[in-house]
Each structure stands twice: as C-alpha cells, then as structure tokens.
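Take a look at the letters that make up each chain.
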Amino acid sequence: MKQVFLLILLSAFVSSEELKFAYHYGLHDFMVEDKTHVLGINTGFYTRYSTSEDSSHKAHFQTFTEYDKKELDPDHIPVWFSSQYAYTTLLVQPEERFKINAIVNWDWKMNTASSVEQYLKSGIGIEGAFEEYAVKIVPKILLGTYYLEIDMRDYPRLFFGCRV
C-alpha cells in the first residue's frame, strides 16, 4: 500500500502547476489503557499540488517512533506509520460561493500502540462546498471501503494523541 501511495504522489508531481511542500517533527504522548503514557517522537511531510486551476492533490505521510517501557502490546514494534491523500476536482460551480467537486480520499494507519495493526478508509464521491467570508461548509458523499485489523491477544485499547 505504501508503494501505491508513493506512486500516486510522485506521478502527479510531473504535471503539477503549483507545488507546496512542508515537513514537521515533534514529540507525542499517547495515553493508553489506564492512563499509561507512551512517549515518542514523530516526523512527517505534507505536500499540496495542483495539476490545473480546478484540481488539487494533498498528501501527508508521518512516522512515529515510541518508547513503550511497559510493553503494553508484545507484538507492537515501536515504529508506526500514517498517511492521508485527497484529490479534488471541480465538476460544477453554479455561483461564486458554491461548487460541487469530485473527490478521492485515502486514510491509512499501521502498527499503532493501541493494538490497531492496520486501518484503511478510502472512498470516491462528491462534495458540495459553500464558502462565504470565514465560513466554509463541505458535506461529502463517498462510496468506498473501510478496513480495520485489531490485535486481539489483548482487548482493544483507547488512545489519545497529542503532537507538538
């Protein structure tokens, strides 16, 4: 899946008209189970590019490295990944404040500290975007897939993440 994501991302760079690139790094603290903290560092990159005035691509990839001193999940290696991808293109714009777009979304996580071995949510659909001044309303209708694999050796855990 990582190869498919990178192939889509790299192939679109060739025909891009506008390219923005950013990176981030920081510390995180995931609160797992009974307020047990899993500390770590993270890094990632974000890119946005347009292939025409009416279409844009957004991609984000992150890597998290953790220090799990209590070994909450014996199968968990202390590195996990997350990626997001979105493609938007204009279909109809009946007026300046309102437009209808075609969209493709992808959200993927792998090997998290909360026993989620893999999570994938992807879809294709349409969105209606209304924007006036600082207000933006964007309802979406997507047809897609949802996949969740949980490590069942232990019960699933809730987690809270914070990034600096």
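Up top you'll find the structure we're talking about.
Keep in mind it's a predicted model, so treat the numbers as computed, not measured.

This brings us to the overall build of the chain. Summing up its helical and strand segments, the chain has one helix and nine strands in all. Split into buried and exposed, the 164 residues of the chain put 35% on the buried side. A separation of at least 24 residues holds for 56% of the contacts in the chain among residues at least 6 apart in sequence. In the structure as shown, the chain presents an accessible area of about 10,600 Å², 62% of it carried by carbon and sulfur atoms.

All right, on to the pairing of strand β3 (residues 55-67) then. Of all 13 residues in β3, ten are buried, a share of seventy percent or more. Note: strand β2 (residues 36-52) against β3, twelve bridges, orientation antiparallel. Each bridged residue has a counterpart across the sheet, and for Phe45 the counterpart in β3 is Phe61. In textbook terms, the turn of a hairpin is the stretch between consecutive antiparallel strands, and for β2 and β3 this stretch comprises two residues.

In this section: unusual backbone geometry. Although it is not a glycine, Tyr133 sits at a positive phi angle of roughly 55°. Relative to the helices and strands, Tyr133 resides in the loop between β6 (116-132) and β7 (135-137). According to the relative accessible area criterion, Tyr133 is exposed, its value standing at 79%.

A separate point is the environment of Leu142. Relative to the assigned elements, Leu142 resides in strand β8 (residues 140-150). Among the residues examined, Leu142 registers a relative accessible area of 41% and is labelled partly exposed. Expressed as a C-alpha distance, the spacing of Leu142 and Glu127, which sit 15 residues apart in the sequence, is 8.5 Å. Apart from residues no more than four positions distant in its own chain, Leu142 is found in contact with Ile103, Asn105, Gly123, Ile124 and Gly125.

Strand direction decides the pairing type here: β3 and strand β4 (residues 79-95), joined by eleven bridges, are antiparallel. Bridged to His57 within β4 is Tyr87. One ladder, built from twelve bridges, connects β4 with strand β5 (residues 98-110); its direction is antiparallel. Within β5, the residue paired with Leu90 across the bridge is Asn101. In this antiparallel pair of consecutive strands, β4 and β5, the connection spans two residues.

Looking at the largest pocket, its volume works out to about 630 Å³. For the largest pocket, the lining is made up of 26 residues, of which Ser56, Thr88, Lys99, Asn101 and Glu127 are closest to its centre. Where the lining of the largest pocket is concerned, the elements lending two or more residues are β2, β3, β4, β5 and β6. Split into classes, the residues belonging to the lining of the largest pocket amount to six nonpolar, eight polar and twelve charged.

In this structure, His60 sits in strand β3. Polar side-chain contacts of His60 include one of 3.1 Å to the side chain of His24.

Cut-off values and rules
- Residues numbered from 1 in each chain as written.
- Predicted model: local features only at pLDDT ≥ 70, side-chain atom pairs only at ≥ 80, totals over all residues.
- Heavy atoms only, no water.
- Helix = DSSP H or I, 4+ residues; strand = E, 2+ residues; numbered from the N terminus.
- Buried < 20%, exposed > 50% of the residue type's maximum accessible area, 1.4 Å probe, protein only.
- Contact = heavy atoms within 4.5 Å.
- Areas by Shrake-Rupley, 256 points an atom, 1.4 Å probe, with all protein chains shown as cover.
- Pairing = 2+ DSSP bridges.
- 1 Å grid on protein atoms, 1.4 Å probe; cavity = no way out; pocket = protein on both sides within 12 Å on 5 of 7 lines; lining within 4 Å.
- Points joined across faces, edges and corners; volume = space filled by probe spheres on them.
- Nonpolar A, V, L, I, M, F, W, Y, C, P; charged D, E, K, R; others polar.
- Polar contact = N/O pair within 3.5 Å; in protein donor to acceptor, adjacent residues only side chain to side chain.

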